[in-house]
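Inside the fold
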Amino acid sequence: MLHIWLLPPEMTGISLSDMYHLYIYVFLWRIPKSQNRVGKPFKPHFMSNAAQAPSRSKKSQKSVANTVNLIMVVDTDVIKKTYGPNSGQNSACGLNHHEGINLLCPKANYVGQAGGVSDPANIIFSANLQDYVSFWATTISNNSDDAVIMYNVLPNSNNPNVFNPFQSNEETMSGAAVPSQPNPFPATLTSQTFYSYESKIKSKGTEAFTIYFAIYEVDPNNPENQILYGCYYWDPTIQVK
């Protein structure tokens, strides 16, 4: 006679699932071989609860490229005094020594000045492959007196190796913060449009290119308007590390 003692699982150290399989095994072991369909002793397969749990793999988050912003701050008084006016794009004047140009980037990306020369228009900054670089432009009066508009960014080489082609971007924010009047704070939310030139980095290295921009000044005959003063360009060397 076979005696089966039913002990609580916590006294045996066996899970309920394994104990269930053990009881079935003992029961089938007592069945005569003639009643065993396959004619062989039954071999139980014990599975722990952990083994039965479905596997779950975490999806890796999609990599999001960063944007490195570079702003060109133009001292228009220096350029106007050095080069004077011109008639526009077809007469664009090059800045021989980058007069009046200051190129700024985030402190976290700033490495130094290109070529070791004290030229605030040539900088070295760090960026990763597939990061975006956005060029912005303004004057030291924030375009409220003289204004600048950047209208082209072209590589000096026919085979650029650092940047993909630059393109002009327009972004309109419907609730941009501007100072209220007569008290600037809290701000008033209004529609504002922002313009930049953007490219995606394809390789680290050094590249020279030309940035074209126009200067507008206040119309002396109508102070409510700004009129074209002239077009200019400069050729920075940007090193991406």
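What you see is a predicted model, and the numbers here were worked out from it, not measured in a lab.

**Considerations on the overall build of the protein**
Looking only at helices and strands, the protein features four helices and twelve strands. Taking all 241 residues of the protein together, 31% fall into the buried category. Long-range pairs, those at least 24 residues apart, make up 68% of the contacts in the protein with a sequence separation of at least 6. When the accessible surface of the protein is summed, it comes to about 16,400 Å², and 53% of that surface belongs to carbon and sulfur atoms.

**Points about the sheet that holds strand S8 (residues 167-178)**
Across a sheet, strands are paired by hydrogen bonds formed along the backbone, either parallel or antiparallel in direction. Pairing in this open sheet of five strands is mixed, and the strands run S3-S1-S6-S9-S8 from one edge to the other. In the strand order of this sheet, the two ends are held by strand S3 (101-104) and S8, each with one partner. With strand direction ignored, the average angle separating the axes of adjacent strands in the sheet is 30°. Pairing between strand S6 (residues 132-139) and strand S9 (residues 188-200): four bridges, direction antiparallel. Residue pairing across strands places Phe135 opposite Tyr197, the latter belonging to S9.

**Remarks on the environment of Ser199**
Among the structural elements, Ser199 can be located in strand S9. Exposure remark for Ser199: the relative accessible area of 2% places this residue in the buried category. Counting along the chain gives 132 residues from Ser199 to Thr67, while the straight-line C-alpha distance between them is 9.6 Å. In this structure, Ser199 is in contact with Asp131, Tyr132, Val133, Phe163, Asn164, Pro165 and Phe166, ignoring residues within four places of it in sequence. In this structure the side chain of Ser199 is engaged in a polar contact, spanning 2.6 Å, whose partner is the backbone oxygen of Asn164.

**Some details on the pairing of S9**
With ten bridges joining them, S8 and S9 adopt antiparallel strand pairing. Directly across from Glu170, in S9, lies its bridge partner Tyr195.

**As for the packing of aromatic side chains**
As enumerated under the stated definition, the model contains eight aromatic pairs in all. Ring centres 6.0 Å apart and planes at 40° place the aromatic pair Tyr151 and Tyr212 in the tilted group. Here the residue Tyr151 occupies a position in strand S7 (residues 147-155), and Tyr212 occupies one in strand S10 (residues 205-219), the gap between them amounting to 61 residues. Every member of this aromatic cluster is reached through a ring pair, and the members are Phe135, Phe163, Phe166 and Phe209. Of note, Lys80 hangs over the ring of Tyr229, and the distance from its end group to the ring centre comes to 4.9 Å.

**Things to note about the layout of surface pockets**
When its volume is computed, the largest pocket comes out at roughly 540 Å³. Lining the largest pocket are 16 residues, and of these Ala137, Asn143, Thr193, Phe194 and Tyr195 sit closest to its centre. The set of elements that each furnish at least two residues to the lining of the largest pocket consists of S6, S7 and S9. Ranked by residue count, the leading element in the lining of the largest pocket is S9, at six residues. In terms of residue class, the lining of the largest pocket is built from nine nonpolar, seven polar and no charged.

Calculation criteria
- Residues numbered from 1 in each chain as written.
- Predicted model: local features only at pLDDT ≥ 70, side-chain atom pairs only at ≥ 80, totals over all residues.
- Heavy atoms only, no water.
- Helix = DSSP H or I, 4+ residues; strand = E, 2+ residues; numbered from the N terminus.
- Buried < 20%, exposed > 50% of the residue type's maximum accessible area, 1.4 Å probe, protein only.
- Contact = heavy atoms within 4.5 Å.
- Areas by Shrake-Rupley, 256 points an atom, 1.4 Å probe, with all protein chains shown as cover.
- Pairing = 2+ DSSP bridges.
- Axes fitted to C-alpha atoms, helices over the stretch in contact; angles between N-to-C directions.
- Polar contact = N/O pair within 3.5 Å; in protein donor to acceptor, adjacent residues only side chain to side chain.
- Phe/Tyr/Trp six-rings, centres within 6.5 Å; stacked < 30°, edge-to-face > 60°.
- Lys NZ or Arg CZ within 6 Å of the ring centre and 35° of its normal.
- 1 Å grid on protein atoms, 1.4 Å probe; cavity = no way out; pocket = protein on both sides within 12 Å on 5 of 7 lines; lining within 4 Å.
- Points joined across faces, edges and corners; volume = space filled by probe spheres on them.
- Nonpolar A, V, L, I, M, F, W, Y, C, P; charged D, E, K, R; others polar.

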